[in-house]
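Chain and residue survey
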2 protein chains.
Amino acid sequence: MEIRKAKRADVASIVALLADDKLGSKREMYIDPLPQAYYDSFTQIDQDPNQYLIVAEEDEEIIGTAQLSFIPYLTYQGGIRSQIEAVRIKSDKRGTGLGETLFKWMIGKAKENGAHLLQLTTDKQRTDAVRFYEKLGFKATHEGMKMHF
Amino acid sequence: MEIRKAKRADVASIVALLADDKLGSKREMYIDPLPQAYYDSFTQIDQDPNQYLIVAEEDEEIIGTAQLSFIPYLTYQGGIRSQIEAVRIKSDKRGTGLGETLFKWMIGKAKENGAHLLQLTTDKQRTDAVRFYEKLGFKATHEGMKMHF
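Below you will find a few notes about this structure. For clarity, every value in this text was computed on a predicted model and none was experimentally measured.

Looking only at helices and strands, chain A has five helices and six strands in total. N-terminal to C-terminal, the α/β element order of chain A is β-α-α-β-β-α-β-α-β-α-β. A compact globule built from 149 residues should have a C-alpha radius of gyration of about 15 Å, and chain A, at 16 Å, falls within 12% of that. C-alpha extents for chain A along the principal axes are approximately 45 × 35 × 35 Å. A buried classification covers 55% of the 149 residues belonging to chain A. The contacts of chain A with a sequence gap of at least 6 include a subset with a gap of at least 24, amounting to 57%. Roughly 6,900 Å² of accessible area belongs to chain A as shown, and the carbon and sulfur atoms make up 47% of that amount.

So, on to the sheet that holds strand S4 (residues 80–89) of chain A. Pairing in this open sheet of 12 strands is mixed, and the strands run S1(A)-S2(A)-S3(A)-S4(A)-S5(A)-S6(B)-S6(A)-S5(B)-S4(B)-S3(B)-S2(B)-S1(B) from one edge to the other. Two strands lie at the open edges of the sheet, namely strand S1 (2–5) of chain A together with strand S1 (2–5) of chain B, each paired on one side alone. Pairwise comparison of adjacent strand axes, ignoring direction, gives a mean angle of 30° for this sheet. Relative to strand S5 (residues 115–123) of chain B, strand S4 (residues 80–89) of chain B runs parallel, the two sharing four bridges. Counterpart to isoleucine 80 of chain B in the pairing with S5 of chain B is alanine 115 of chain B. Strands in contact with helix H2 (residues 36–47) of chain B are strand S3 (61–72) and S4 of chain A together with strand S2 (51–58) and strand S3 (61–72) of chain B; relative to S2 of chain B, the strand with the most contacts, it is inclined by about 110°.

Another point: H2 of chain B. Its 12 residues place the ends of H2 of chain B 17 Å apart at the C-alpha level, agreeing with the 16 Å of an ideal helix rising 1.5 Å per residue. For H2 of chain B, the set of buried residues is Tyr38, Ser41, Phe42 and Ile45 of chain B. Down the axis of H2 of chain B, the buried set is contained in an arc of 105°. They therefore lie on one face. Each element contacted by the buried residues of H2 of chain B is listed here: S3 and helix H3 (75–78) of chain A together with helix H1 (11–19), S2 and S3 of chain B.

Turning to the packing of aromatic side chains, a few remarks are in order. Remark: the centre distance and the inter-plane angle together describe each pair of aromatic rings, the angle taken between the planes. Under the counting rule described, the total for this entry stands at 12 aromatic pairs over all chains. Judged by centre distance (5.9 Å) and plane angle (75°), the rings of tyrosine 133 of chain A and phenylalanine 138 of chain A are edge-to-face. The pair tyrosine 133 of chain A / phenylalanine 138 of chain A is uniform in exposure class, with both members buried. A centroid spacing of 5.4 Å and a plane angle of 65° characterise the contact between phenylalanine 132 of chain B and tyrosine 133 of chain B, whose relative ring orientation is edge-to-face. Sitting above the plane of the tyrosine 52 of chain A ring, lysine 5 of chain A keeps its charged end 4.9 Å from the centroid.

Counting residues at the interface gives 61 residues for chain A, matched by 61 residues for chain B. Taking both sides of the interface into account, the surface hidden between chain A and chain B amounts to around 6,100 Å²; carbon and sulfur atoms contribute 60%. By the criterion of area lost to chain B, the three top residues of chain A are Leu74, Met145 and Phe149 of chain A, representing 15% of everything that side buries. Linking chain A with chain B are two salt bridges. Close ionic contact of glutamate 85 of chain A with arginine 81 of chain B constitutes a salt bridge, the shortest N to O distance being 3.4 Å. Where chain A meets chain B, there are 36 residue pairs in polar contact (both at pLDDT 80 or more).

Conventions adopted
Residues numbered from 1 in each chain as written. Chains lettered and ligands numbered in written order. Predicted model: local features only at pLDDT ≥ 70, side-chain atom pairs only at ≥ 80, totals over all residues. Heavy atoms only, no water. Helix = DSSP H or I, 4+ residues; strand = E, 2+ residues; numbered from the N terminus. Rg over C-alpha atoms; globule rule 2.2 N^0.38 Å. Buried < 20%, exposed > 50% of the residue type's maximum accessible area, 1.4 Å probe, protein only. Contact = heavy atoms within 4.5 Å. Areas by Shrake-Rupley, 256 points an atom, 1.4 Å probe, with all protein chains shown as cover. Pairing = 2+ DSSP bridges. Axes fitted to C-alpha atoms, helices over the stretch in contact; angles between N-to-C directions. Expected span 1.5 Å × (residues − 1). Arc of directions from axis to C-beta. Phe/Tyr/Trp six-rings, centres within 6.5 Å; stacked < 30°, edge-to-face > 60°. Lys NZ or Arg CZ within 6 Å of the ring centre and 35° of its normal. Buried area = accessible area lost by both parts, 1.4 Å probe. Salt bridge = Lys/Arg side-chain N within 4 Å of Asp/Glu carboxyl O. Polar contact = N/O pair within 3.5 Å; in protein donor to acceptor, adjacent residues only side chain to side chain.

Right, dumping it as structure tokens:
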């Protein structure tokens, strides 16, 4: 199993993972051909040095994905924050420890890049997720507030 | 009162606002001369087209600040998220509606830039903040999880 930066050729496999999810299935459009908006978005992510869209690959199959971002702020004496979003594990690979492996890779990358903090928000409907993140060392100190346009 | 992008000459005034806060006072170093790290961070923010560090200025005084960020993701069919952090209002200007004015400016900017979502996290210790954000239209649907290194 290898964790690496995503390539353009991975986009359809990543969208398949995003769509194969209770909440994601309502939001994504995993059809053939894939909407061009996904490729345009990939180009933006790929060209931004603060974005790391990653995949876990095993036997030439994409079995996990996540996006790690870095954001510079004046707060915390000009500290860099890292942030995780869009984590998905292929349904038949859940419970195998892959999520933990992906997170440990991202925690390592965040520290290597000098971030002082790693943050994420998780939908309160994902009841198991908070426990998973707490086991990794996250603390649920904040409310995650969203406004959809 | 004018809301505009922050300039290098505003950095000390912004740090003064960040430090004049229950939580911020423990994290920031508002001394003369200001630590170089704040200026280095300003340069990174200023050069990144996805970052808008803004200030509210009245009678040549900085009375508010916030940072609006844009992050590209594959999720939501390749949608752009906008995110707010580091909001501070000068203590003698709180309760004047300035916070609401700042947020309305940022909501407008986020829509103008094509974001589909605006998000923020707020420390559960800031008990009044959740109500303020809910009045603006945010919903506390997520847990905001943090890991400090």
